[in-house]
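Descriptive structure summary
Listed below, chain by chain, are the residues.
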Amino acid sequence: MAEITAAMVKELREKTDAPMMECKRALTEAAGDMARAEEILRVKLGSKASKASGRVTAEGLIGLFISADAKHGAVLEVNCETDFVAKNDDFVAFVADLAKQVSANDYADVAALSAANLGAGTVESVRAALVGKIGENISVRRFKRYTTANKLASYVHSGRIGVLVEFSGADEVGKDLAMHIAATKPRALDESGVPEADKETERSVARLKAAESGKPAEIVEKMVEGSVQKFLKEVALLSQPFVKNDKQTVAQMLKEKSATIAGFSLFVVGEGIEKKTMDFAAEVAAAAAGNA
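Residues numbered from 1 in each chain as written. Predicted model: local features only at pLDDT ≥ 70, side-chain atom pairs only at ≥ 80, totals over all residues. Heavy atoms only, no water.

1. Quick word on the overall build of the chain
- Broken down by element type, the chain carries eleven helices and ten strands.
- Relative to its full complement of 292 residues, the chain shows a buried share of 39%.
- For the chain, the exposed surface amounts to about 16,100 Å²; the carbon and sulfur share of it is 55%. (Helix = DSSP H or I, 4+ residues; strand = E, 2+ residues; numbered from the N terminus. Buried < 20%, exposed > 50% of the residue type's maximum accessible area, 1.4 Å probe, protein only. Areas by Shrake-Rupley, 256 points an atom, 1.4 Å probe, with all protein chains shown as cover.)

2. Focus on the sheet that holds strand β10 (residues 260-268)
- Strand order in the open sheet made by the three strands is β6-β7-β10, with antiparallel pairing throughout. Of all strands in the sheet, those bounded by a partner on one side alone are β6 (151-157) and β10. For this sheet the average axis-to-axis angle between neighbouring strands, irrespective of direction, equals 15°.
- Two strands pair when backbone bridges link them, and β6 and strand β7 (residues 161-168) are joined in this way by seven bridges, in the antiparallel orientation. (Pairing = 2+ DSSP bridges. Axes fitted to C-alpha atoms, helices over the stretch in contact; angles between N-to-C directions.)

3. A word on the side chain of His 180
- Secondary-structure assignment places His 180 in helix α7 (residues 171-184).
- At 3.2 Å, the side chain of His 180 and the backbone nitrogen of Val 243 are in polar contact.
- Not counting residues within four places of it along the chain, the set of residues in contact with His 180 comprises Lys 185, Leu 237, Gln 240, Pro 241, Phe 242, Val 243 and Val 250. (Polar contact = N/O pair within 3.5 Å; in protein donor to acceptor, adjacent residues only side chain to side chain. Contact = heavy atoms within 4.5 Å.)

4. Things to note about the confidence of the model for the chain
- With 87% of its residues at a pLDDT of 70 or more, the chain shows a mean pLDDT of 87.
- The least confident element of the chain is helix α11 (residues 280-291), whose mean pLDDT is 50; the most confident is helix α10 (residues 250-256), at 98. (pLDDT = per-residue confidence, 0-100.)

5. So, the packing of aromatic side chains
- Summed over all chains, the structure comprises zero aromatic pairs.
- When the ring centre of Phe 267 is taken as reference, the NZ or CZ atom of Arg 142 above it lies at 4.2 Å.
- Over the ring of Tyr 146 we find Lys 144, and its NZ or CZ is 5.6 Å from the ring centre. (Phe/Tyr/Trp six-rings, centres within 6.5 Å; stacked < 30°, edge-to-face > 60°. Lys NZ or Arg CZ within 6 Å of the ring centre and 35° of its normal.)

6. Some remarks on the sheet that holds strand β2 (residues 72-80)
- Strand order across the open sheet formed by three strands is β1-β2-β5, with antiparallel pairing between neighbours. Here the strands that pair on one side only, and so sit at the sheet edges, are β1 (59-66) and β5 (139-147). Strand-to-strand twist of the sheet, defined as the mean angle between neighbouring strand axes without regard to direction, takes the value 10°.
- In this sheet, β2 lies alongside β1 in antiparallel orientation, the contact comprising eight bridges. Across the sheet, residue Glu 59 finds its bridge partner in β2, namely Cys 80.

7. Notes on helix α9 (residues 217-235)
- With 19 residues, α9 ought to run about 27 Å at 1.5 Å a step, and its terminal C-alpha atoms sit 27 Å apart, in line with that.
- Those residues of α9 hidden inside the fold are in contact with α8 (196-211). (Expected span 1.5 Å × (residues − 1).)

8. Re unusual backbone geometry
- A positive phi angle, near 50°, is found at Lys 185, a position not held by glycine.
- Take Lys 185: it is sitting in the loop between α7 and α8.
- Its identity as a non-glycine residue notwithstanding, Ser 258 has a phi of 55°, on the positive side.
- In this structure, Ser 258 sits in the loop between α10 and β10.
- On the basis of relative accessibility, which here comes to 65%, the residue Ser 258 falls in the exposed class.

9. Here we look at the nonpolar core
- Ranked by size, the top nonpolar core spans 23 residues in total, and within it Leu 76, Val 78, Phe 91, Phe 94, Leu 98, Leu 113 and Ile 138 carry the most contacts.
- At the level of elements, β2, α4 (89-104), α6 (123-134) and β5 are the ones that each hand at least two residues to this core.
- A total of six residues in this core trace back to one element, the largest contributor, which is α4.
- Those residues in contact with Leu 113 that sit more than four places away from it in its chain are Leu 98, Val 102, Tyr 107, Val 123, Val 140 and Phe 143. (Core = buried A, V, L, I, M, F, W, Y, C linked by side-chain atoms within 4.5 Å.)

10. Focus: the environment of Ala 183
- Examined against the element boundaries, Ala 183 turns out to sit in helix α7.
- Accessibility expressed as a relative area gives 55% for Ala 183, which makes it exposed.
- Between the alpha carbons of Ala 183 and His 157 there is a distance of 9.5 Å; along the sequence they are 26 residues apart.

11. Quick word on the packing of α8 against α9
- One way to put it is that α8 packs onto α9 with a least axis distance of 9 Å and a crossing angle of 140°. With respect to each other, α8 and α9 are oriented oblique. In terms of crossing hand, the pair formed by α8 and α9 is right-handed. When α8 is examined against α9, the residues Asp 198, Lys 199, Glu 202, Arg 203, Ala 206, Arg 207, Ala 210 and Ala 211 are found in contact with a partner set consisting of Val 220, Glu 221, Met 223, Val 224, Glu 225, Ser 227, Val 228, Phe 231 and Leu 232.
- When grouped by side-chain class, the residues that make up the contact of α8 with α9 number nine nonpolar, one polar and seven charged. (Parallel < 35°, antiparallel > 145°, perpendicular 65-115°, else oblique. Left-handed = near helix turned anticlockwise from the far one by under 90°. Nonpolar A, V, L, I, M, F, W, Y, C, P; charged D, E, K, R; others polar.)

Spelled out as structure tokens, the structure:
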């Protein structure tokens with residue numbers, strides 16, 4: 001059997017960027033033949049990409065891009081399995097490229113974006129290659145594109161919370177709005193935009209609480225509606241106290257600055273995705289079983 005040296009493993013790793021132990025296994029299987037080992041790795045990495053597709057991706061990055069004239073922009077979420085990969089240079093570059101591409105093109109949905117050209121292939125082929133290279137599942141979850149006669153402003157916090165705002169007024173107002181939205185996470189621009197399901201949930205909770213008071217039904221209903229109105233003011237952007245001056249609402253701040261807001265998008269990494277939890281012993285056992 002050919003001797004597999006550290007130098008050979010290093011050379012193969014530099015060529016393929018595959019994990020060190022996989023490089024060693026491929027060289028052993030190929031009896032030291034570098035070209036054959038590279039071929040084996042490419043087959044294995046492709047297999048890994050397909051196996052990874054079933055794994056939960058609840059970590060990731062929010063990508064943001066605004067054109068130089070602030071008239072076109074995009075915000076999108078790309079997920080991976082661990083926060084470690086979310087910091088990987090290749091993953092970060094992939095997210096940045098997609099944000100720029102979405103800003104420049106009107107894709108109907110994620111499927112259309114995945115089929116679009118990117119580099120020497122498509123978005124999907126680049127994604128699949130990245131899965132093979134990194135060894136984790138990666139998925140493009142959602143995006144929102146803006147084209148406006150007004151202006152766009154953005155804010156991203158630690159790569160995990162991203163906001164894109166369509167507004168008119170001074171640039172500082174746009175920045176302040178984006179940071180406010182990231183901090184308070186409003187559900188809608190105004191009270192009329194709050195989803196009916198959210199209103200009904202709040203109404204049900206308020207009714208249960210009010211019923212415990214033992215007060216007459218007509219008083220209970222007034223208490224319920226009062227709770228719902230309070231809830232709406234808390235989750236609608238324009239009625240929220242402005243974070244930089246809680247003596248005025250966002251609507252009052254905009255009026256004072258002779259500015260307006262037409263809309264916004266707020267993306268939070270992994271929001272609504274159920275994460276799998278596994279204790280350490282179970283994780284080690286699962287890894288051992290996978291390598292058996």
